[in-house]
Amino acid sequence: MDIVKVKIINNSRHGLPGYSTPLSAGMDIRANIDAPVTLQPLQRALIPTGLRIELPEGYECQIRPRSGLALKHGISLVNTPGTIDADYRGEIGVILINLSSEPFVVNDGERICQMVITRHSQAEWLSVDSLESTERGEGGFGHTGVK
């Protein structure tokens, strides 16, 4: 397991993000709000976290939904996974959406998403006239059918 050092400014009222178990990939991120936010069905809102980070070059941070909120309350993220680039220095905001039929209240300090830090690559395009053929070819979007 790689350990990467990430600079963080925590302007929230809560502790630093942390891993719940020794082998967790994601850290829980908490809402940093002055008053509860009620999400009506199909409503979305940008929830502040009070966190700013400085990732090393070659790393990104992904913001992902929490499975418990999704299963129990229908709460997810609009842009999942959200990507935080190494050169972004603003506050991390989380776009929550309520996909349930009931209102959901987000409270200060509530764990609203997970943060995963990972390496990434950048592509260099090579313009060509054809691509190597494969058994799959152009099949996509359920081309294999039900097995």
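Everything below is about the structure printed above this text.
Cut-off values and rules
- Residues numbered from 1 in each chain as written.
- Predicted model: local features only at pLDDT ≥ 70, side-chain atom pairs only at ≥ 80, totals over all residues.
- Heavy atoms only, no water.
- Helix = DSSP H or I, 4+ residues; strand = E, 2+ residues; numbered from the N terminus.
- Rg over C-alpha atoms; globule rule 2.2 N^0.38 Å.
- Core = buried A, V, L, I, M, F, W, Y, C linked by side-chain atoms within 4.5 Å.
- Buried < 20%, exposed > 50% of the residue type's maximum accessible area, 1.4 Å probe, protein only.
- Pairing = 2+ DSSP bridges.
- Salt bridge = Lys/Arg side-chain N within 4 Å of Asp/Glu carboxyl O.

A. Structural context of the overall build of the protein chain. A tally of regular secondary structure across the protein chain gives 1 helix and 12 strands. Ordered by position in the sequence, the α and β elements of the protein chain form the string β-β-β-β-β-β-β-α-β-β-β-β-β. Relative to its length of 147 residues, the protein chain is extended, with a C-alpha radius of gyration of 19 Å against a globular reference of 15 Å. Seen through its principal axes, the protein chain has C-alpha atoms that stretch 55 × 40 × 30 Å.

B. Structural view of the nonpolar core. Counting 26 residues, the largest nonpolar core has Ile 63, Leu 96, Val 106 and Ile 112 as its most contacted members. Those elements that provide at least two residues to this core are strand S3 (27-30), strand S5 (44-48), strand S6 (51-54), strand S7 (59-64), strand S8 (75-77), strand S10 (93-98), strand S11 (104-106) and strand S12 (111-119).

C. Molecular detail of the pairing of S10. Note that S5 and S10 share 5 bridges and pair antiparallel. What sits directly across from Ile 47, in S10, is Val 94. One ladder, built from 3 bridges, connects S8 with S10; its direction is antiparallel. Each residue of the ladder has a partner; that of Ile 75, found in S10, is Asn 98.

D. Focus on the pattern of salt bridges. By the definition in use, this model includes 6 salt bridges. The partner of Lys 7 in a salt bridge is Glu 54, and the shortest N-O contact between them spans 3.8 Å. Placement of Lys 7 in strand S1 (residues 7-10) and of Glu 54 in strand S6 is noted, with a sequence separation of 47 residues between them. The class of Lys 7 is exposed, set by a relative accessible area of 58%. Judged by its relative accessible area of 33%, Glu 54 falls in the partly exposed class. In this structure, Arg 13 engages Asp 34 in a salt bridge whose closest nitrogen and oxygen atoms are separated by 3.5 Å.

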